[in-house]
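Close look at the chain arrangement
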Amino acid sequence: MRALDHCVLPVRELADARTHLEALGFTLAADARHPFGTENACVFFEDGTYLEPLAIAQREDCEATAQKGNQFTLRDQTFRFRNGDEGFSAIAMATDDADSDHKAFVAAGISAGRKLRFSRKFKKPDGVSETARFKLAFAHDPRSPDSFAFCVERVAMPTTDISALTKHRNGVTGIVEVIGSEQNPTDFQYSLQEIFQNRETHAHSFGMSIEASNCGLDVLTPEGLKVRFGHERKSLERGIWYEGIVFGCRDVDSVKAMMDEAGVQSRTINRMLVTDRMGGSGAFFAFMEQEL
């Protein structure tokens, strides 16, 4: 089965996202720009996963590349048009062979379009620049217009030590679970099985679960979302909505103290500390204590 690589969180401004996430005790990387008009400021974790707050750096470039078939900018533009500039639009899965993944998505009828190859410069702490190259294969269930997925292959990466960026004041070590919602989650089990490369799904009273090799995805009914996390579903329309992220951390009490200091509303539900949705994050966050 595939591993979760990262979660894509559209935001209006990177500066606002940085302010919000740093107040919650997260360490953010420097702003970085894609060659097709978007920019990010990532939050990296010890378990190899990360968050990608994603903003528009140059709207003309985003629109021009989307018109030419760049699925990353096209899907981002579509999400923002339908839902505004803040949300949780996509999950990315790690892969060593995006070409094969693309062929599998085409065969399964869930390909979102052609692959994307791109490169960009990374400046190392010593000032030396290196080039990173990526290849992406996209998946999209047409019944679910407000979410998509892609597999990301790191064709070449700079030899940069980012271990300092994986240390967070809030003690978060990684992503335990991604939370989605849908009125009838099992309607989407076959497309999710293909994306996760896992044929086993588990239906339960609150919805449906599927495992990646490093975390889980729970797609909950609106009632299940309310019971488990105290949140209402964001839309009455059909289709999977990515709603929130559950993080593993060392000490929930310290996270609670940071939230109180930052004025972030939170509550304890099912032994997890759960935030309200706030600008700059695009999703609710939940924190659960883990033995390390």
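Refer to the structure above for everything that follows.
I will try to describe carefully the structure that is included in this document. Sequence order as written defines the numbering, with residues in each chain counted from 1. Side-chain atom pairs in this predicted model are given and counted only at pLDDT of 80 or more, local residue features only at pLDDT of at least 70, and totals for whole chains, interfaces and linings cover all residues. Each side-chain value is worked out from all heavy atoms of the structure, with water and hydrogens disregarded.

1. Points about the environment of Gln189
Here Gln189 shows up in helix α5 (residues 189–196). For the pair Gln189 and Glu60, spaced 129 residues apart in the sequence, the C-alpha separation amounts to 37 Å. Should any heavy atoms of two residues lie within 4.5 Å, those residues are counted as being in contact. Ignoring any residue separated from it by four or fewer positions in sequence, one finds Gln189 in contact with Thr201 and Met208. In this text, helices come from DSSP runs of H or I with a minimum length of four residues, and strands from runs of E with a minimum of two, each type numbered from the N-terminal end.

2. Focus: the side chain of Thr221
Tracing the sequence through the fold places Thr221 in the loop between β13 (216–220) and α6 (222–229). Residue Thr221 is classed as buried on the basis of its relative accessible area of 13%. Sequence-distant contacts of Thr221, that is, excluding residues within four places in its chain, are made with Glu182, Gln183, Pro185, Phe206 and Gly207. In this scheme, a residue with accessible area under 20% of its type's maximum is buried, one over 50% is exposed, and one in between is partly exposed, where area comes from a 1.4 Å probe on protein chains only.

3. Quick notes on the packing of aromatic side chains
Only rings of Phe, Tyr and Trp enter the pairing, Trp through its six-membered ring, and a pair is recorded when the two centres are within 6.5 Å. The plane angle decides the type: under 30 degrees is stacked, over 60 is edge-to-face, the rest tilted. A full pass over the atoms with the stated rule returns 16 aromatic pairs. Ring geometry for Phe36 versus Phe118: centroids 5.1 Å apart, planes at 80°, classification edge-to-face. Separated by 82 residues along the polypeptide, Phe36 in the loop between β2 (32–33) and β3 (38–40) and Phe118 in strand β7 (residues 116–123) bring together distant segments of the chain. For the pair formed by Phe36 and Phe118, the shared burial category is buried. With a centroid separation of 5.0 Å and an interplanar angle of 25°, the aromatic rings of Phe118 and Phe134 are classed as stacked. With Phe118 in strand β7 and Phe134 in strand β8 (residues 129–139), this pair connects stretches of sequence that are 16 residues apart.

4. Looking at the nonpolar core
Phe26, Leu51, Phe247, Phe285 and Phe287 are the most contacted members of the largest nonpolar core, which has 51 residues in total. Here this core takes 4 residues from strand β14 (residues 241–249), the largest share from any one element. Here Phe287 is in contact with Phe26, Asn170, Val172, Phe247, Cys249, Val252, Val255, Met259, Met272, Leu273 and Thr275, once residues within four sequence places are set aside. Core analysis: the next-biggest nonpolar cluster, separate from the first, contains 16 residues, Val8, Phe36, Leu54 and Ala90 among them. By convention a nonpolar core is built from buried Ala, Val, Leu, Ile, Met, Phe, Trp, Tyr and Cys residues, the set being connected through side-chain atoms within 4.5 Å.

5. Digging into the side chain of Ser191
Here Ser191 is to be found in helix α5. Classification of Ser191 as buried rests on a relative accessible area of 9%. In the analysis that follows, any N or O atom pair within 3.5 Å is treated as a polar contact, provided that within protein one partner can donate a hydrogen and the other can accept it, and provided that, for residues neighboring in sequence, both atoms belong to side chains. There is a polar contact of 3.2 Å between the side chain of Ser191 and the backbone oxygen of Phe188. In contact with Ser191, not counting residues within four places along its chain, are Ile110 and Asp141.

6. Considering the pairing of strand β12 (residues 207–211)
For β12, the buried fraction is high: 4 of the 5 residues fall into the buried class. When DSSP locates at least two bridges between a pair of strands, those strands are taken to pair. Bridge count for strand β11 (residues 201–204) against β12 is 4 bridges, and the pairing is antiparallel. Bridging across to β12, His204 finds its partner in Gly207. What sits between the antiparallel neighbours β11 and β12 is a turn of 2 residues. Counting the residues in the hairpin turn of β12 and β13 gives 4 residues.

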